[in-house]
Amino acid sequence: MPQNQKPTAMDRQLDVLHCHADGGLLLGASCLTGRFWLGSLWFYQTPESAPDVDKCTAGVQLEAGVGDAKWVDNTHVLVGLDTGGIALWNLEDDYHTFVLSHAAAGHDGIVTSVSVVCDKTKAASSSNDRCIKVWDLLNTSLVYSSQAHSDIVSCIDCHPSEPDLFVSCSQDDKILVWDKRKPKPASILNKSPLEYTPTCVRWQPGQVHKLGVGTESGQIALLDIRVGVDNYLTSTPHTRLVHNLQFSPDKPSLLASVGEDCKTAVSLIDDESIVEVYSDTTHTDFVRGLTWSSDSNLYTCAWDAKILCHNLNLKSAKTMGGSSATLIQMNGDIGGHGKEKGAGDALENTDKMKTDSCKLSYSQVVKVNSEISAEG
């Protein structure tokens, strides 16, 4: 597919959301239910239009599903794919065209996370192959690789102000703090306040030594990386795995979290506690993407093919991309794409409503299959 040709349908599994410095919205999506697992990258100058395909500013079909994506600067996007590759895309023609700048096949498993170093010259990636890799963004050449973890590396995050510092967490139940200035860069962080395996990590803006951690049990914590400093806070806003954490850039005391319980939560952090100040369960499938647009508004996306705008002041969530009645064509829809409704379709619509009520979300299908496997 030519790089300037937009895809004709949105992929159903919405994975990645990131606000642009000028107010636009980057969206990464995957199709995980068809014969081929593909992905797509989208940019909306008007965030409220997402995920409407007809109203996107730019879009491109990818060769694989999207593991993660991050803005490098105002026009470049780093994408990690489920083939193990990474790609650097450039937005040209006044944000109307995605053009591939560089690509590399660096990992032997799904890329789970990518993070850009604060000086914008390098980026780090993590993968199911248990490796941490650092890339030169000038040409996506590999400059460092390590297999310090013994299981899938779930997340990696570069420090917001220290270019040699980043943190990673893995299903081996370890959080590693990396300092490239040291002969042995990786050191194990004490995670004793966490009861279960960490699943995501994020540095707190404005704090050199503190980071937020989410776990497979739904617990979140604020940890201090300094040796001998027993300073931590914990809370459990979720009932299942926490997939993503994001501190508010404008108000770092606010920490948003999303997970596999279909819940979006915002917690207020002070010196003594973590208190939940907002929660929403409008999503009906795994919530994956999360980004702040201001200190009182954030966007989330999920595998239910919806993007929500959450207003903390009004304590409300609104579905984006038009009214709830708007039909958006999706890749991966069971039974084909929808059609326009006519006056004579009342009986058909009733039957369809009955059928839809029996359909399971992707997360429900996974849960049912797991239960069947466990029963033998």
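Residues numbered from 1 in each chain as written. Predicted model: local features only at pLDDT ≥ 70, side-chain atom pairs only at ≥ 80, totals over all residues. Heavy atoms only, no water.

Asker: Any chance you could break down the sheet that holds strand β27 (residues 297–302) for me, citing the residues and the numbers?
Answerer: Ordered by their spatial adjacency, four strands build an open sheet running β26-β27-β28-β29, and the pairing between neighbours is antiparallel. Of all the strands in the sheet, the pair left with one neighbour each is β26 (287–294) and β29 (316–319). In this sheet, neighbouring strand axes are inclined to one another by 25° on average, regardless of whether the strands run parallel or antiparallel. Sheet analysis places β26 next to β27, joined by six bridges and oriented antiparallel. Its bridge partner lying in β27, V287 is registered against A302. (Pairing = 2+ DSSP bridges. Helix = DSSP H or I, 4+ residues; strand = E, 2+ residues; numbered from the N terminus. Axes fitted to C-alpha atoms, helices over the stretch in contact; angles between N-to-C directions.)

Asker: Just give me the short version of the packing of aromatic side chains, but keep the residues and values in it.
Answerer: Taken as a whole, this structure holds five aromatic pairs when the rule is applied. Taken together, a centroid distance of 5.4 Å and an interplanar angle of 45° make the contact between F43 and Y95 tilted. Highlighted residues: F43 in strand β4 (residues 38–44) and Y95 in the loop between β8 (85–92) and β9 (97–105), separated in sequence by 52 residues. The burial state of F43 is the same as that of Y95; both residues are buried. (Phe/Tyr/Trp six-rings, centres within 6.5 Å; stacked < 30°, edge-to-face > 60°. Buried < 20%, exposed > 50% of the residue type's maximum accessible area, 1.4 Å probe, protein only.)

Asker: How would you explain the nonpolar core if you had to name every residue and give the values?
Answerer: Counting 25 residues, the largest nonpolar core has I175, L211 and L223 as the members making the most contacts within it. Elements that contribute at least two residues to this core include exactly β15 (165–170), β16 (175–179), β18 (198–203), β19 (210–215), β20 (220–224) and β22 (242–247). Among the elements that take part in this core, β20 stands out by supplying four residues, more than any other. Counting 19 residues, the second largest nonpolar core, distinct from the first, contains L26, A69, W71 and V77. (Core = buried A, V, L, I, M, F, W, Y, C linked by side-chain atoms within 4.5 Å.)

Asker: Help me get a handle on the UniProt feature "repeat: WD" (unreviewed entry) in the chain, residues and values and all.
Answerer: The UniProt record annotates "repeat: WD" (unreviewed entry) at residues 104–145 and 146–179. A helix fraction of 0% and a strand fraction of 53% characterise residues 146–179, whose end C-alpha atoms lie 13 Å from each other. (UniProt positions renumbered as here; feature names shortened; annotations may be inferred.)

Asker: Before we move on, could you go through the sheet that holds strand β24 (residues 264–269) and cite the residues and values that matter?
Answerer: Pairing within the open sheet is antiparallel, and its four strands lie in the order β22-β23-β24-β25. Of all strands in the sheet, those bounded by a partner on one side alone are β22 and β25 (274–280). This sheet shows a mean twist of 25° between the axes of neighbouring strands, independent of strand direction.

Asker: Hey, could you go over the state of the cysteines for me, with residue numbers and the actual values?
Answerer: One pass over the structure, following the stated rule, counts zero disulfides. Its sulfur unpaired, C200 is 6.0 Å from the next cysteine sulfur, which belongs to C155. Overall, the relative accessible area of 0% leaves C200 in the buried class. (Disulfide = S-S within 2.5 Å.)

Asker: Go over unusual backbone geometry with me, naming the residues and quoting the values.
Answerer: In the segment running from A50 into P51, the intervening peptide bond is cis, with an omega of 5°. Position of P51 relative to the elements: it lies in the loop between β4 and β5 (58–62). Its identity as a non-glycine residue notwithstanding, D94 has a phi of 55°, on the positive side. Relative to the helices and strands, D94 resides in the loop between β8 and β9. Judged by relative accessible area, D94 falls into the exposed class, the value being 57%.

Asker: Which residues make up the pairing of β4, and what values do they have?
Answerer: Taken residue by residue, a regular strand's side chains alternate between the two faces of the sheet. The element β4 is extensively covered by neighbouring structure, given that six of its seven residues are classed as buried. Of the strand pairs in this sheet, strand β3 (residues 25–31) and β4 are connected by seven bridges, and their pairing is antiparallel. In the strand pairing of β4, A29 is matched with S40. Counting the residues in the hairpin turn of β3 and β4 gives six residues. Relative to β5, β4 runs antiparallel, the two sharing five bridges. Opposite S40, over in β5, you have Q61 as the bridge partner.

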